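Secondary and tertiary structure notes
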Amino acid sequence: MKQIVSFMLLFTWSLFTSILLQAQDIVIKEAKFTKGDNGEYKNVAFDDSQWVNASVEKNLRKQKLDITTQYGWYRIHVNIPQSMLNESELKGWIRIHLPHIDDCDETFLNGHLIGKTGVMPRSHEEYSHEINYRYPSTREYLVNANNGIVKWNEDNVIAVRVYNANDQGGMMNDLVRITPVRRIEGIALAFDQQAFDPKGHTNIIIDNKYSCKQQGQVHVDIFDIDKQQIIHSFDKNISITKTSIIPIVYDKNTPIRITITYTDKASKKAVTATTIPHYIQTPKAPEQPRYNGTSVYGVRPGSPVIFKLAFSGNKPMTYSVQNLPEGLDLDTQRGVLHGHITQKGDYTMTLIAENNKGKAEAPFTLKVGNTIALTPPLGWNSWNCWGLSVSQEKVKSSAQALLDKGLADYGFVYVNIDDSWTAEKRASDGRIVPNEKFPDMKALGDWLHQQGFKFGIYSSPGDLTCGDYLGSIDHEEQDAQTFNEWGIDYLKYDWCGYYKVFRASDDRSHAAYLRPYIKMQQYLRQQPRDIFYSICQYGMDEVWKWGTYVDANSWRTTGDITDTWSSLYDIGFNKQAQLYPYAGPGHWNDPDMLIVGKVGWSSQLRNTRLSTDEQYTHISLWALLAANMLIGCDVAQIDDFTFNLLCNNEVLAINQDPLGQQARPLFKHDDIQIWGRQLADSSYAIGIFNVSDKDISINPNDYKEYLKIQPNTTIRDIWRQKDLSNDTKPCLLHIPTHGVKLLRVF
Ligand code: GLA
């Protein structure tokens, strides 16, 4: 019988109106709960009096009701008054709202299935993240109340069957609500960035989740953030069955805020959403050559030099070097220096590039000595995009895209494979071997080096990596040798599997944290090449205080980043605030990889969930922090907007400044944070961050001391690459929510 209709909805809460509770709504905070699985549990007559009481607001793990790799059931008893039906604007329907559920659910009302979200796996072996996992997401199930399922003015049983593969499990972070259906609640407003379109297009998408035609009025305001005025408004009457799309064309170099209000014609209830679509601040690079790379580069005596001359401009380009030291060769077509120098010392030279539009020269010092990584590493890592689905083909395609799209011309040269490259077993001689996704590591390394790239790889001091691939325990020396044979230039050494060794012993001394890292480094340093040592143990035992002792070139300071504001804020602002004394040439704090562009940690990629301005904040902050900047998206899919974020030579010059100072917070307030660092030429790089939920305008003169403004200083807007004003001409800076003004004060 087709009596029941269910809707499975994924809400983007930031864009959806918060619906205020109304008098007739029923709100439920607690349910009966049991672990396990039994079809009987859905039936009204089942006796659940022996079950425990569980909150629907807190996940099961927090309530010590963990159901990892198991099923569990909630039962909610509720009296539903018939008056609710009269209140419904969608005649004959009521709505059951459930909190976020980890991972998936099937929901029954009085024994009848009313909806499901995700797929319930038949066994844990069958579980797949893509098919079964539907968290975070609240559930909305509509019930046709005319079909006799709802028992008016009596006890009803809502039974929710849930499955959890790992993590928290169950319902959380909201309440169960039973409400009349209000038409306006079926309307969801969203914005679809078409960032590939160079014109600047966005679509307003109005979705009607209910199966009825809805009529209403749309009002759109377009507000110019720099001018602080509405530049365009319009109204439109619409009738929507499923989806209505309103295209907006705008000047992609201007920050605008689009606000849309949809008002239901009959009830006059309204929903509103707002966004700042992608806007591009970085001026287009000139056609003639321009040097964008580092001015200093460290190599140990006798180690291979692989250095790409990072010039942007029209191709083809030919390269030359004045004062080329003996031992080095220049590939004049690709612009790559290769060779060895055994004698310690500073070798100064001039890098030159020429094309059909002109010529550029840049001073450069090769420092042959004990310190490598004189500036933070720039490049790409496979994790934030491909996760465990990385392959040789995907690595090569990203490297090729770094060349084709021109990111290598800005110094992005590390190409790093993260987890999931090893075979299940070592060879009979104990040698680590790649799995079938990586047919030829040596050939990949040779190809990368020829193009001027550096080759990075990943391992763990434990028996397994975080993703359950082989680690290096008891094979450190052999692995270091293999890495050398493949031409590895960067090793990310990730603690993960070492937890097992650590927990099996009582040793919690400082030495116990250092031990696995010292061991590997001793063998890396025996190799006849420089291997950037990137240690990753999430900041335990204040790694920044001893990272140099294990001879690390960078250390992860926190757990894993993800593409949300809260993750960015916590890792970028909170956790780095006190770490500036520990960074410097050769050794850097690593707040994790970049989360702009198309990411996904799996074979399914999506646009980053960071807003336009959050992305500007992310890149500005990482530049100020002198952080490793490893692109975490699929480079082949980088669009104009993401390119503008990654390839602003003045932003990168802050990150790559040879003084190597990490920015520190100079001013902190609820809404504003000002971070700054001194640069080698005595100027200051300053970030004014709006960490509040509203747009703000500030007068730089009110923050003079933090912005290092003196009577004759020049303030340069680094994203726009334009001088702002002088001290006699105060101007207001308009900074959108979660956005930034990145300045250089000379
Ligand atoms: C850990 C690291 C991540 C990534 C994964 C791979 O979580 O912190 O950066 O390397 O392991 O499994």
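All residue numbers refer to positions counted from 1 along the written sequence of the respective chain. Where totals are concerned, whole chains, interfaces and linings use all residues; where local detail is concerned, this predicted model gives features only for residues with pLDDT of at least 70, and gives and counts side-chain atom pairs only at 80 or more. To get the side-chain values, take all heavy atoms of the structure and skip hydrogens and water.

Another point: the site of the ligand. D418, D419, K492, D494 and D560 are the nearest of the 13 residues found near the ligand. A distance of 2.8 Å is found between an oxygen atom of the ligand and a side-chain nitrogen or oxygen belonging to K492. As used in this structure description, the phrase polar contact means that two N or O atoms lie within 3.5 Å; if the pair is within protein, one of them must be able to donate a hydrogen and the other to accept it, and residues adjacent in sequence are counted only when both atoms belong to side chains. Contact distances for the ligand include 3.1 Å between an oxygen atom and a side-chain N or O atom of R556. Residue burial considers only the protein chains on display, and all accessible areas are found by Shrake-Rupley using a 1.4 Å probe. For the ligand, whose accessible area on its own is 300 Å², the fraction buried by protein is 94%. Partitioned by chemical class, the residues of the shell around the ligand number six nonpolar, one polar and six charged. Each residue is tested against the molecule or strand, and it is near if at least one of its non-hydrogen atoms lies within 4 Å. Note on residue categories: nonpolar means Ala, Val, Leu, Ile, Met, Phe, Trp, Tyr, Cys or Pro, charged means Asp, Glu, Lys or Arg, and polar means any other residue, Gly included.

With that settled, consider the nonpolar core. Looking at soluble globular proteins, one finds that nonpolar side chains tend to be buried together. We define the nonpolar core as a collection of buried residues of types Ala, Val, Leu, Ile, Met, Phe, Trp, Tyr and Cys that are connected through side-chain atoms lying within 4.5 Å of one another. Burial classes follow relative accessibility: with a 1.4 Å probe on protein chains only, a residue under 20% of its type's maximum area counts as buried, one over 50% as exposed, and anything between as partly exposed. Among the nonpolar cores identified, the biggest contains 102 residues, and F412, W421, W622 and L646 are the most heavily contacted of them. Elements are defined by DSSP. Helices are runs of H or I of four residues or more, strands are runs of E of two residues or more, and each kind is numbered from the N terminus. Examining the composition of this core, we find that seven residues originate from one element, helix α8 (residues 510-524), more than from any other. Ignoring any residue separated from it by four or fewer positions in sequence, one finds F412 in contact with L378, G379, L402, L407, F453, M629, I631, L646, C647 and L652. Among the nonpolar cores identified, the runner-up in size contains 33 residues, and L60, L65, V150 and M171 belong to it. By the convention used here, residues are in contact when the closest approach between their heavy atoms is within 4.5 Å.

This part takes up the pattern of salt bridges. What counts as a salt bridge is simple: a side-chain nitrogen of Lys or Arg found within 4 Å of a carboxyl oxygen of Asp or Glu. Following the criterion strictly, the structure yields 40 salt bridges and no others. E185 serves as the salt-bridge partner of R95, at 3.5 Å between the closest nitrogen and oxygen. Of this pair, R95 sits in strand β5 (residues 93-98) while E185 sits in the loop between β12 (176-180) and β13 (187-193), placing them 90 residues apart in sequence. Two residues, R426 and D479, come together in a salt bridge whose shortest N-O distance is 2.9 Å. Here D479 lies in helix α6 (residues 476-486) and R426 lies in the loop between β30 (414-416) and α5 (441-451), a separation of 53 residues in the sequence. The exposure classification of R426 matches that of D479, with both residues buried. Here the residues in one salt-bridge network are D25, R95, E140, R182 and E185, joined through shared partners.

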